[in-house]
Protein chains: 2
Amino acid sequence: MTNDRFRMGLRAEAPVHQAEPAERSRSSASGADRSSAKRRVTIREVANLAQVSLGTVSNVLNNPSVVAPTTRKRVLDAIDSTRFVRNTAAHQLRAGKSRTIAAVLLDIANPFFTEIVRGAEHVLREQDYVLMLCSTDESANREQRYFRMLEEHRVDGILVCPVDSDLESAVALVAHGIPTVLLDRDGSSFGLCSAAVDDIRGAELAANHLVELGHQVIALVNGPSTIRQCIDRREGARRSVRRARRRGVSLQEFVVGALTIDQGERAVAGLLGAERRPSAVMCANDLLAFGVLRGLAAAEVAVPEEMAVVGYDDVVFASMLSPTLSSIRQPKYELGVAAAELLLEEVTGAPHEHRAIRFEPELVVRASTRPVGEHTPCNERHVEL
Amino acid sequence: MTNDRFRMGLRAEAPVHQAEPAERSRSSASGADRSSAKRRVTIREVANLAQVSLGTVSNVLNNPSVVAPTTRKRVLDAIDSTRFVRNTAAHQLRAGKSRTIAAVLLDIANPFFTEIVRGAEHVLREQDYVLMLCSTDESANREQRYFRMLEEHRVDGILVCPVDSDLESAVALVAHGIPTVLLDRDGSSFGLCSAAVDDIRGAELAANHLVELGHQVIALVNGPSTIRQCIDRREGARRSVRRARRRGVSLQEFVVGALTIDQGERAVAGLLGAERRPSAVMCANDLLAFGVLRGLAAAEVAVPEEMAVVGYDDVVFASMLSPTLSSIRQPKYELGVAAAELLLEEVTGAPHEHRAIRFEPELVVRASTRPVGEHTPCNERHVEL
DNA sequence: TGCCCGATTTGAAACGATTCATTCCCTTCG
DNA sequence: CGAAGGGAATGAATCGTTTCAAATCGGGCA
């Protein structure tokens, strides 16, 4: 393991040499550093220097208005001449609040979530809250560990896109007194705040689109049904197909282990080997769709001519793929903003009734879907390997 | 502002109604919740219940081996019958260590960084450290604010990919006694640990590739030269072109404000309007290249026939674009692993000399580059809008 | 029986902030 | 001239752990 992480071509691992001896002292071995820097400045030293009491310094920090301007100035000067840095731990211990919010997400490498995070962070930063990012990679175990850790850290609130469809762990958080808002997941039935998009509707849009294009055998590449989004998207697909059943349309589901590119690629074998080979696939999210596209390319199946593909999320890269991917657009940034605002309401104890904010999904048609039978004049394709 | 965030189609914002009155109490307004849950269990209550002293409980938590098995059992039982959750703030205050590491990155939406994070997180989690993620969006201001905040939080160490090429702020961290390791940036000359890839070499590879394909007028779409990576990549490109100057090869640089898709797209106008229109572009990173591709598509310029494009980073989506993007591969995951291991060495105070680990970049040729003059039989292209 | 020793357990003293009941000064007013 | 009132500043108590010197316990040994 230690070996194979260097397979990409490690060139050199050389000790750092200093040009100037003067600099050497500053960056000697860390042990030395540590001891030299150990003595951090406390509020007490600031107080001494400024000739005031502890309480006054604290007031300058937290209630500037109650201290006389001249005193305040003196304290502020002392603060930066001592390079005082407030100790959050002590602050938190006494004050009870951490001004930290956590976001526990399924996969931080998924552009869908990074966009949400951007929105949430924007809101939180304005209120001087810090956002802690946690990626569960869809593992209930990891999620549990994060929750535990976040409780220990006494975060003021948590935004969570839960791994399991039963909200046991999220509800437990609330029971423990931690304000929690669900992300991309409706919380009405659990008495939680949430900001979500109607996934059933979205999946219906996707499936309807394929049906309207004339596809008869439609595949759904779906993630594990512990994840709510997957359940809802299956439901949406089913509803749509049920409605078109008399036209002979059928739906086959292929369930994979996670919503990732790799898993999508792996699903292709199943698709192509199916008894009734589908002519269209809808995927539970864009990453899966990316994988499916890659797999189809490798198998030299032309998209959309031989197989239409539609994704879900409309992440930024969807419009740049080969071919560009039809997808279901979700208002990601807005989702993050809405969730953060809800959470902030709870955290600050504003008069507040739990609410479920819901957004509408939207179909975006691109080159990966096309009416059955319509062919392009030339199917040049850029296949790697 | 409050209005326009709903442009994506907000459907409903309805108060949550409970099915069961029994549940209602649990999820009443947060104010009530708060007060009911306010009294968190402390180590003292555990001690009382288990009939031992504070110190013993603490020992069970931190030094299990010194406490007698039967006592330990009693305490552990008390711990989970009271649902005790350790208070990190108090722990940190007394113990001095936070077991938290921060990563301060240029852009968390860039898959290049998420991959690095994955590597670092893996290492850190194994040692029971928590990773705090901070995205500066290339703003020195934001970076400064993060550093300040992280100091206040007394994080044990910081992984940083700095915004500014002078390492002033990073060096200041070290001076303040916070172990710091540079990411994707060589620290030798500053006496810092680092894990990086040779950017000059990488850019040379990219430029050489274009030169060998026969391009005469080459453009470099580059980010702000406050960022070290941009400086190095320019340098690499220059070296390569200088070597080929007698063959009439020239280089034009187009500097944009940030390493993002949008900025790349915007750069296209400049490229196409240039006095001597380039036949090839190399981009300072893949996101820029993605933008350039999108812009070229919009302008109906064929890639690679009319314009060759090469990116940098080889993020996962590069192989799925339309057309697939030639790029410079960096060992991202390994970078994260190496940086985290270096940092851990410093943090734990292991005997340690500052080192600069360097990896080698690698050229990956795909469909966005092709020898000058070679044409595909058919240039179907999926252009959106 | 008395003494010593190692293994356990104890509890008071930090850690570095915030709180808040008091004290200290001045003005102002009767 | 004394009392009242209010703005500023004070500092002891507190938050929930960890730490560590000291107390306790229970045999083993002379």
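We now turn to the structure provided with this report.

Criteria and thresholds
Residues numbered from 1 in each chain as written. Chains lettered and ligands numbered in written order. Predicted model: local features only at pLDDT ≥ 70, side-chain atom pairs only at ≥ 80, totals over all residues. Heavy atoms only, no water. Pairing = 2+ DSSP bridges. Helix = DSSP H or I, 4+ residues; strand = E, 2+ residues; numbered from the N terminus. Axes fitted to C-alpha atoms, helices over the stretch in contact; angles between N-to-C directions. Contact = heavy atoms within 4.5 Å. Phe/Tyr/Trp six-rings, centres within 6.5 Å; stacked < 30°, edge-to-face > 60°. Buried < 20%, exposed > 50% of the residue type's maximum accessible area, 1.4 Å probe, protein only. Lys NZ or Arg CZ within 6 Å of the ring centre and 35° of its normal. Right-handed = clockwise from strand over helix to strand, strands pointing away.

Digging into the sheet that holds strand β9 (residues 280-283) of chain B
Residues and elements named next belong to chain B.
And then number 1: Read from one edge to the other, the open sheet built from four strands follows the order β8-β7-β9-β10, with strand pairing classed as parallel. The open sheet has two free edges, formed respectively by β8 (250-255) and β10 (308-310), since each of these has just one partner strand. The sheet shows a mean angle of 20° between the axes of neighbouring strands, direction not considered.
And then number 2: The pairing of strand β7 (residues 217-222) with β9 spans four bridges and is classified as parallel. The residue bridging V221 from the neighbouring strand is C283, located in β9.
And then number 3: Seen against the sheet, helix α10 (residues 199-212) touches β7, β9 and β10 and runs at an angle of roughly 170° to β9.
And then number 4: Packed on one face of the sheet, helix α11 (residues 228-243) meets β7, β8 and β9 and runs near 165° to β8.

Some words on the sheet that holds strand β7 (residues 217-222) of chain A
Residues and elements named next belong to chain A.
And then number 1: Within the open sheet, the four strands sit side by side as β8-β7-β9-β10. Their pairing is parallel. Two strands in the sheet have a free side with no partner beyond their single neighbour: β8 (250-255) and β10 (308-310). With strand direction ignored, the average angle separating the axes of adjacent strands in the sheet is 20°.
And then number 2: Sheet topology note: the β7/β8 ladder contains six bridges and is parallel. Within the sheet, the bridge partner assigned to L220 lies in β8 and is E253.

Brief notes about the packing of aromatic side chains
And then number 1: On inspection of all chains with the given rule, the structure shows five aromatic pairs over all chains.
And then number 2: Residues A:F112 and A:F113 carry aromatic rings whose centres are separated by 5.1 Å and whose planes lie at 70° to one another, so their mutual orientation is edge-to-face.
And then number 3: Using a relative accessible area of 2% as the deciding quantity, one classes A:F112 as buried.
And then number 4: With a relative accessible area of 4%, A:F113 lands in the buried category.
And then number 5: Geometrically, the ring pair formed by A:F290 and B:F317 is edge-to-face, given 5.5 Å between the ring centres and 90° between the ring planes. Here B:F317 lies in the loop between β10 and β11 (327-329) and A:F290 lies in helix α13 (residues 286-298), a pairing that spans two chains.
And then number 6: According to the relative accessible area criterion, A:F290 is buried, its value standing at 0%.
And then number 7: Ring pairs connect the aromatic residues A:F290, A:F317, B:F290 and B:F317, which therefore count as one cluster.
And then number 8: Above the face of the A:Y129 ring, A:R99 is positioned so that its terminal group lies 4.4 Å from the ring centre.
And then number 9: The cationic tip of A:R233 hangs over the ring face of A:Y312; the distance from NZ or CZ to the ring centre is 3.8 Å.

Quick word on the pairing of β9(B)
All names here are of chain B.
And then number 1: Taking every second residue as pointing to the same face, both faces of β9 are buried, with A280 and M282 on one and V281 and C283 on the other.
And then number 2: Pairing of β9 with β10, which is carried by three bridges, proceeds in the parallel orientation. When the bridges of β10 are listed, V281 appears paired with V309.
And then number 3: Note that the unit made of β9, helix α13 (residues 286-298) and β10 has a crossover that is right-handed.

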